[in-house]
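Take a look at the letters that make up each chain.
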Amino acid sequence: MNQPQMRRREWIVHCSACVVTLAAAGTLSRPVAAQGRAEGAASGTRRILVLGDSLSAEYGLARGSGWVALLDARLKAQKLGADVVNASISGDTTSGGRSRLPALLQQHRPTHLVIELGGNDALRGLPLKMTRENLQAMVRAGKAAGAKVMLVGMQIPPNMGASYGRDFENSFKTVAQEEKVPLLPFLLAGIADRADSADWFQGDRIHPLAKAHPVMLDNVWKVLRPML
């Protein structure tokens, strides 16, 4: 799966086997906020729950170097009174996130929910209707629990089919518009679309290197900061 000459934005190609392996292993990122904290954010403290896949689960990275950990550090540095819980699992799909979310909402009582899922749906060629329905269900569950919800969009390379890729990208826009929630169109903007994008990814050409995660954080921050 290691290909030395990859064109830009081909970081997500041939990942199906990788996704299945990781899902079977149950790789789970360490939560930034301790799992044992009492339910509900402390008075005056906001709690951000990140529900994502390997792009948020620090796959292949030293702990504390992924964008979610960097988010927690930035919030503390700017004294914004917010904790972060990283509930991301490598290989997760929108179906997996949808099934996990109710328990996470009950356990952590987040004030904000960031949903970064969908890439693995596309890699497996899952029906886009199902992806949209899962995203919508997660957004609605978050809002019903009293959380402000943010969607993180993803894009796939043209070799998976121009029509499928376009419809996949639009799935996030459709859900965000229908549910009236903020959307980050592409988490890997400024990374996967660089001329030297191969230098910003791990050997699998799928998962970003640690140096890319501050860029990912900045992308998220532009949308998340006004919500806080």
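Below, the structure is looked at part by part. Please read these numbers as outputs of a predicted model, since none were measured by experiment. (Residues numbered from 1 in each chain as written. Predicted model: local features only at pLDDT ≥ 70, side-chain atom pairs only at ≥ 80, totals over all residues. Heavy atoms only, no water.)

**Things to note about the sheet that holds strand E4 (residues 148-152)**
Right, on to step 1. Strand order across the open sheet formed by five strands is E2-E1-E3-E4-E5, with parallel pairing between neighbours. Where the open sheet ends on each side, the last strands, each with one partner, are strand E2 (82-86) and strand E5 (183-184).
Right, on to step 2. Summarising the sheet, strand E1 (residues 46-52) and E2 pair through five bridges and their orientation is parallel. Each bridged residue has a counterpart across the sheet, and for Val 50 the counterpart in E2 is Asn 86.
Right, on to step 3. Across the sheet, helix H3 (residues 94-108) touches E1, E2 and strand E3 (112-116), and the angle it forms with E1 is around 165 degrees. (Pairing = 2+ DSSP bridges. Helix = DSSP H or I, 4+ residues; strand = E, 2+ residues; numbered from the N terminus. Contact = heavy atoms within 4.5 Å. Axes fitted to C-alpha atoms, helices over the stretch in contact; angles between N-to-C directions.)

**Things to note about the packing of aromatic side chains**
Right, on to step 1. In the structure shown here, the tally under the stated rule is one aromatic pair.
Right, on to step 2. Judged by centre distance (5.2 Å) and plane angle (90 degrees), the rings of Phe 168 and Phe 172 are edge-to-face. Note that Phe 168 and Phe 172 are positioned in helix H6 (residues 162-179) at a spacing of four residues, about one turn of the helix.
Right, on to step 3. On the accessibility criterion, Phe 168 (0% relative accessible area) is buried.
Right, on to step 4. The ring of Trp 221 carries the charged tip of Arg 74 above its face, separated from the ring centre by 5.2 Å.
Right, on to step 5. Above the plane of the ring of Trp 200 lies Lys 211, whose end atom (NZ or CZ) is 4.5 Å from the centre. (Phe/Tyr/Trp six-rings, centres within 6.5 Å; stacked < 30°, edge-to-face > 60°. Buried < 20%, exposed > 50% of the residue type's maximum accessible area, 1.4 Å probe, protein only. Lys NZ or Arg CZ within 6 Å of the ring centre and 35° of its normal.)

**Comments concerning helix H7 (residues 213-224)**
Right, on to step 1. Spanning twelve residues, H7 covers 16 Å between terminal C-alpha atoms, matching the ideal 16 Å at 1.5 Å per step.
Right, on to step 2. Residues His 213, Met 216, Leu 217, Asn 219, Val 220, Trp 221, Val 223 and Leu 224 constitute the buried set of H7.
Right, on to step 3. If you follow the buried residues of H7, they end up packed against E1, helix H2 (67-77), E3, E4 and E5. (Expected span 1.5 Å × (residues − 1).)

**Observations concerning H3**
Right, on to step 1. Between the first and last C-alpha of H3 there are 20 Å, a value that for 15 residues agrees with the 21 Å anticipated at 1.5 Å per step.
Right, on to step 2. By the largest-angle criterion, Leu 101 marks the main kink of H3, which is about 40 degrees, and a proline, Pro 102, follows within four residues.
Right, on to step 3. Every buried residue of H3 is accounted for by Thr 94, Gly 96, Gly 97, Arg 100, Leu 101, Leu 104, Leu 105 and His 108.
Right, on to step 4. Where the residues of H3 are buried, they touch E1, E2, E3, helix H4 (119-123) and helix H5 (128-144).
Right, on to step 5. Following H3 by one or two positions, Arg 109 has its phi on the positive side, about 50 degrees. (Bend = angle between axes of the 7 residues up to and from the residue.)

**With respect to the packing of H3 against H5**
A pair of packed helices is characterised by two quantities: the angle between their axes and the separation of those axes.
Right, on to step 1. The contact between H3 and H5 brings their axes to 9 Å, and the two run at 10 degrees. One finds that H3 runs roughly parallel with respect to H5. Judged by residue contacts, Thr 94, Ser 95, Gly 97, Arg 98, Leu 101 and Leu 105 of H3 engage Met 130, Thr 131, Glu 133, Asn 134, Leu 135, Ala 137, Met 138, Ala 141 and Gly 142 from H5.
Right, on to step 2. Split into classes, the residues belonging to the contact of H3 with H5 amount to seven nonpolar, six polar and two charged. (Parallel < 35°, antiparallel > 145°, perpendicular 65-115°, else oblique. Nonpolar A, V, L, I, M, F, W, Y, C, P; charged D, E, K, R; others polar.)

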